[in-house]
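Below, each chain spelled out in residue letters.
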Amino acid sequence: MNTASTIRKEQTMYPAGRSSQPRSFLFAQMQEEPDALDRLDLRFRWGRYGIQVLRCHLISFPAGYVIPYHKHRDYEFHFIPRGKGVVFLQEGSFPLHTGMFYLTGPQVLHQQISDQQDPMYELCLHVNIVPLEAEHGPETPEDWGNRWEMAEADACMRQLQAMPATPTLDSYNAMHWFLTAYQAWQEREFGAFTTIRQAIIQILLRAARVHQSLQPTLPARNMNAYRYQLATQYIRDNYASPLTLKEVADELRIGSRQLQRIIREYANETFSSYLEHYRLTQVCLSLTHTDLTVKELAALHGFSSGSYLHYVFKKHLGVTPAHYREQQRQK
């Protein structure tokens, strides 16, 4: 979509003139307690960054109101949900109207004037973004996706640092998330902080997308490794039943031959031998910690009979179940 058509589309979503203003104001709810979110001590970690919310509010300006030239050491996101005005930046003056957004990063000098005929409203997010110490050591399974969050946060910060201050359209509807955060505060339901945290992150991300220059990389799986993980977990959960290769393959929505190849690749054995070895491992634990008979152990751990368990056990471990139990209890 070209720039002209995008602007026409966004001006339909966010009408610029008073005559085309909707009868109801989407953010009117936030006027009840406009500084509600400002009163919260909102701090959280996102990737490698600490985010401190200094201001997150809706403000209305009287006709012709002037906010004199000033600057911040932090990031200030300005969204215009209603009305018109002008912002003065180092690059010049720029008109503001409903549906627009601009970002003033650290030390960006700016002045803002509300329109005389159609006074302006502003949704303002003012955040302090603090780089935290880098993580040490390799990623472990316990990280549970932290590296993907770090990558997205890093990409967002690079984008924010490179963004021009000049106003543009709120093409990704970041404004909506101000209302989401306010409603979470207002309802005070369980999980409100998490909702507000996510709303702040969404504002940062959607603002950054306006001038995005890179296509994001999303987490992808090695599907064979993933299927092996699912298959072996399913085997461990159901090993005591008369489990078949087809049953496990059907659970994974793949063919039996494909599953057999995957198990050979990652376990260096067949499905049957993997299942049998796992069953024997559980039998060994039971022999060590219980007084169940071989027949009872066979029924408990998926073997067709006590005699078959006796045969398989001696074949793989070189001793009988009774001898194994005796050895373990002498230790």
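Residues numbered from 1 in each chain as written. Predicted model: local features only at pLDDT ≥ 70, side-chain atom pairs only at ≥ 80, totals over all residues. Heavy atoms only, no water.

A. Geometry of the pairing of strand β8 (residues 110–114). For β8, a buried count of four out of five residues is recorded, marking the element as mostly surrounded by other parts of the structure. Bridge analysis of strand β3 (residues 66–70) against β8 gives three bridges, and the strand direction is antiparallel. Among the inter-strand pairings, His-70 is bridged to a residue of β8, identified as His-110. Pairing geometry for strand β5 (residues 84–89) and β8, over four bridges, is antiparallel. Residue pairing in the sheet places Val-86 in a bridge with Ile-113 of β8. (Buried < 20%, exposed > 50% of the residue type's maximum accessible area, 1.4 Å probe, protein only. Helix = DSSP H or I, 4+ residues; strand = E, 2+ residues; numbered from the N terminus. Pairing = 2+ DSSP bridges.)

B. Quick peek at the packing of aromatic side chains. Per the counting criterion, the structure on display carries 12 aromatic pairs. Three or more aromatic residues joined by ring pairs form one cluster here, namely Phe-77, Phe-79, Phe-101 and Phe-178. Note that Arg-221 overlies the ring of Tyr-226, its terminal NZ or CZ placed 3.9 Å from the centroid. (Phe/Tyr/Trp six-rings, centres within 6.5 Å; stacked < 30°, edge-to-face > 60°. Lys NZ or Arg CZ within 6 Å of the ring centre and 35° of its normal.)

C. Expanded view of helix α5 (residues 223–238). The end-to-end C-alpha distance of α5 is 22 Å, a good match for the 22 Å that 16 residues give at a rise of 1.5 Å each. Inspection of α5 places Tyr-228, Ala-231, Thr-232, Tyr-234 and Ile-235 among the buried residues, and these make up the whole buried set. Projected onto a plane normal to the axis of α5, the buried residues spread over an arc of 160 degrees and lie on a single side. Turned more than 90 degrees from where α5 packs its buried face, Gln-229 and Asp-237 sit exposed. The elements touched by buried residues of α5 are α6 (245–252), α7 (256–267) and α8 (271–289). Among the residues of α5, the N-terminal cap falls to Asn-222, whose side-chain oxygen and the backbone nitrogen of Asn-224 are separated by 3.2 Å. (Expected span 1.5 Å × (residues − 1). Arc of directions from axis to C-beta. Contact = heavy atoms within 4.5 Å. Polar contact = N/O pair within 3.5 Å; in protein donor to acceptor, adjacent residues only side chain to side chain.)

D. Structural detail: the sheet that holds β5. With antiparallel pairing, four strands are arranged side by side in an open sheet as β3-β8-β5-β6. In this open sheet, the two strands that pair with only one neighbour each are β3 and β6 (92–97). Averaged over all adjacent pairs, the angle separating strand axes in this sheet is 15 degrees, with direction ignored. (Axes fitted to C-alpha atoms, helices over the stretch in contact; angles between N-to-C directions.)

E. Quick peek at helix α3 (residues 176–187). The end-to-end C-alpha distance of α3 is 17 Å, a good match for the 16 Å that 12 residues give at a rise of 1.5 Å each. Taken together, the buried positions of α3 are occupied by Trp-177, Phe-178, Leu-179, Thr-180, Ala-181, Tyr-182, Ala-184 and Trp-185. On the buried face of α3, the contacting elements are β2 (49–60), β4 (75–82), β9 (121–131) and α4 (192–209). Within two residues after α3, Arg-188 carries a phi angle of roughly 50 degrees, on the positive side.

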